[in-house]
Amino acid sequence: MEGHQESRYRCKEPPRFKEFSSRDVSDSSKVGGDDDEETTVEKLIRIDVALTDKLAVCASKDRQLGYLRPVMKLLELSCHGIPWIAITLLLMWKLENKTRTQEILVNLMAGLIYDLILVGILKTVFHRRRPGVNKMDMFVTVSVDKYSFPSGHTTRAAMLLHFFLENVSLGVLCSVLFIIWALCVSISRVLLGRHHTFDVICGFIIGLLEYAVIFRYWLPPVICYSAVEYIQTINQ
């Protein structure tokens, strides 16, 4: 009776990723019976972990492409939330006239904050640990950053890509460069060993969906102008 109650309570816990290491994957290939006891999701996670371990070629200096680690970390910094929020706030403060640019900046700020909140919630819910090869030497982290799913840099890169392509006249060359940047940021998360491949793929999809929500609830010019005036008043 107590066993039935315990299992019932356990089912009410929030979903969690079952953790595997690359060693678990190699061990399971030697023992055929272990795979039969796994669910499909657990098998996919095992494959994800094994693939991530092979692709994390910049996770440390002694890895195959370890010499590219500084480049990967530069890409990481280029999509960090703090610089993007700081630059957006600075531009909102500097622009004085009521323009379309102010409207874009305020909605961009709303999108950046929305991305941080959503990713924080998802990481807290799923509690997936980062790959074992990852080194926690990231720029300015918080408690939820120890979790891996989804990749916050990837969601931000995808959201920013969609946002700028839809709202800013970048021209063909800048648009292509922006696409390349967003893809490079996403790929670098796996190469650095920061995230599993599944975290990045889902993160990119989530980022695109984030913009759909931003577009659906786009803040009108009146609210944007008021927000900018308020920020400018604080800094006077």
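Starting from 1, residues in each chain are numbered consecutively following that chain's sequence as written. With pLDDT at 70 or above as the cut-off, local features in this predicted model cover only qualifying residues; side-chain atom pairs require 80 or more to be listed or tallied, and sums for whole chains, interfaces and linings still use all residues. Heavy atoms from the whole structure form the basis of all side-chain values; hydrogens and water molecules are not counted.

Asker: Sorry, what's going on with the overall build of the protein here?
Answerer: Strands are runs of DSSP state E lasting at least two residues, helices are runs of H or I lasting at least four, and both sets are numbered from the N terminus onward. When helices and strands are tallied, the protein shows eleven helices and zero strands. Here the protein holds 236 residues, and the buried ones make up 42% of them. Of the accessible surface of the protein, which amounts to about 13700 Å², a share of 65% is contributed by carbon and sulfur atoms. We call a residue buried when its accessible area falls under 20% of the maximum for its residue type, exposed when it is over 50%, and partly exposed in between, using a 1.4 Å probe and counting protein chains only. Residue exposure ignores everything except the shown protein chains as possible cover, and the areas themselves are Shrake-Rupley values with a 1.4 Å probe.

Asker: Help me understand the packing of helix H6 (residues 81-94) against helix H7 (residues 100-126) in this model?
Answerer: Any two packed helices are characterised by how steeply their axes cross, that is the angle between the axes, and by the distance between the axes. Where H6 contacts H7, the two axes come as close as 10 Å, and the packing angle between them is 155°. Judged by the angle between their axes, H6 and H7 are roughly antiparallel. Taken as a pair, H6 and H7 cross one another with a handedness that is left-handed. For the pair H6 and H7, the contacting residues are Trp84, Ile85, Thr88, Leu89, Leu91 and Met92 in the first and Leu105, Val106, Leu108, Met109, Leu112 and Leu116 in the second. For helices, the fitted line uses only the C-alpha atoms of the stretch in contact; every axis is such a line through C-alpha atoms, and the angle between N-to-C directions lies from 0 to 180 degrees. Any angle that falls under 35 degrees is termed roughly parallel, while one over 145 is termed roughly antiparallel, one within 65 to 115 roughly perpendicular, and all others oblique. Working rule for handedness: look at the near helix, and if it is turned counterclockwise from the far one by less than a right angle, call the crossing left-handed; if clockwise, right-handed. Throughout, a residue-residue contact means that at least one pair of heavy atoms, one from each residue, lies within 4.5 Å.

Asker: Quick question: what am I supposed to make of the environment of Glu103 here?
Answerer: Within the secondary structure, Glu103 is located in helix H7. Distance from Glu103 to Ala227, taken between C-alpha atoms, is 9.6 Å for residues 124 residues apart in sequence. Dropping the residues within four chain positions of it, Glu103 is found in contact with Trp218, Leu219, Pro221 and Cys224.

Asker: Would you take a moment to explain the packing of aromatic side chains for this structure?
Answerer: Aromatic contacts are taken between Phe, Tyr and Trp rings whose centres are within 6.5 Å, Trp giving its six-membered ring; a plane angle under 30 degrees counts as stacked, one over 60 as edge-to-face, and the others as tilted. Evaluation of the coordinates by the stated rule reveals ten aromatic pairs. Consider the rings of Phe149 and Phe198, whose centres lie 5.8 Å apart with planes at 15°: the pair is stacked. Separated by 49 residues along the polypeptide, Phe149 in the loop between H7 and helix H8 (152-167) and Phe198 in helix H10 (residues 197-216) bring together distant segments of the chain. Classification of Phe149 as buried rests on a relative accessible area of 7%. Judged by centre distance (6.0 Å) and plane angle (90°), the rings of Phe163 and Tyr211 are edge-to-face. Of this pair, Phe163 sits in helix H8 while Tyr211 sits in helix H10, and the two are 48 residues apart along the sequence. We classify Phe163 as buried; its relative accessible area is 0%. By the ring-pair criterion, three or more aromatic residues cluster together here, those being Trp84, Phe163, Phe164, Phe178, Trp181, Tyr211, Phe215 and Trp218. The rule is short: NZ of Lys or CZ of Arg within 6 Å of the ring centre and within 35 degrees of the ring normal puts a charge over the ring. Positioned over the ring face of Tyr217 is Arg216, at 5.1 Å from the centre of the ring.

Asker: Please clarify how unusual backbone geometry should be interpreted in this entry.
Answerer: Trans peptide bonds make up the majority, and among non-glycine residues the majority have a negative phi. Across the junction of Phe149 and Pro150, the peptide omega takes the value -5°, indicating a cis bond. With respect to the helices and strands, Pro150 occurs in the loop between H7 and H8. The phi dihedral of His127 is positive, around 55°, even though this residue is not glycine. Mapped onto the fold, His127 is located in the loop between H7 and H8.

Asker: Help me understand the side chain of Thr197 in this model?
Answerer: Here Thr197 is to be found in helix H10. The contacts of Thr197, once residues within four sequence positions are left out, are Asp48, Leu51, Thr52, Leu55 and Val190.

Asker: Explain H8 to me, please; I cannot follow it from the model alone.
Answerer: Spacing of three or four residues puts side chains on the same side of an α-helix, whose turn is 3.6 residues. Spanning 16 residues, H8 covers 22 Å between terminal C-alpha atoms, matching the ideal 22 Å at 1.5 Å per step. Counting buried residues along H8, 13 of its 16 residues qualify, which places the element largely inside the surrounding structure. Each residue after the first adds 1.5 Å to the expected span of a helix.

Asker: Would you mind going over a nonpolar patch on the surface with me for this structure?
Answerer: Patches in this entry comprise residues that are over 30% relatively accessible and not in a salt bridge; like charges within 9 Å are linked, as are nonpolar side chains (Val, Leu, Ile, Met, Phe, Trp, Tyr) within 5 Å. Salt bridges are identified by distance alone: a Lys or Arg side-chain nitrogen within 4 Å of an Asp or Glu carboxyl oxygen. A cluster of nonpolar side chains, namely Leu74, Leu77, Ile82, Phe139 and Val140, defines an oily patch on the protein surface of about 450 Å² accessible area. Looking at the secondary structure, you find Leu77 in helix H5 (residues 69-78). We classify Leu77 as partly exposed; its relative accessible area is 39%.

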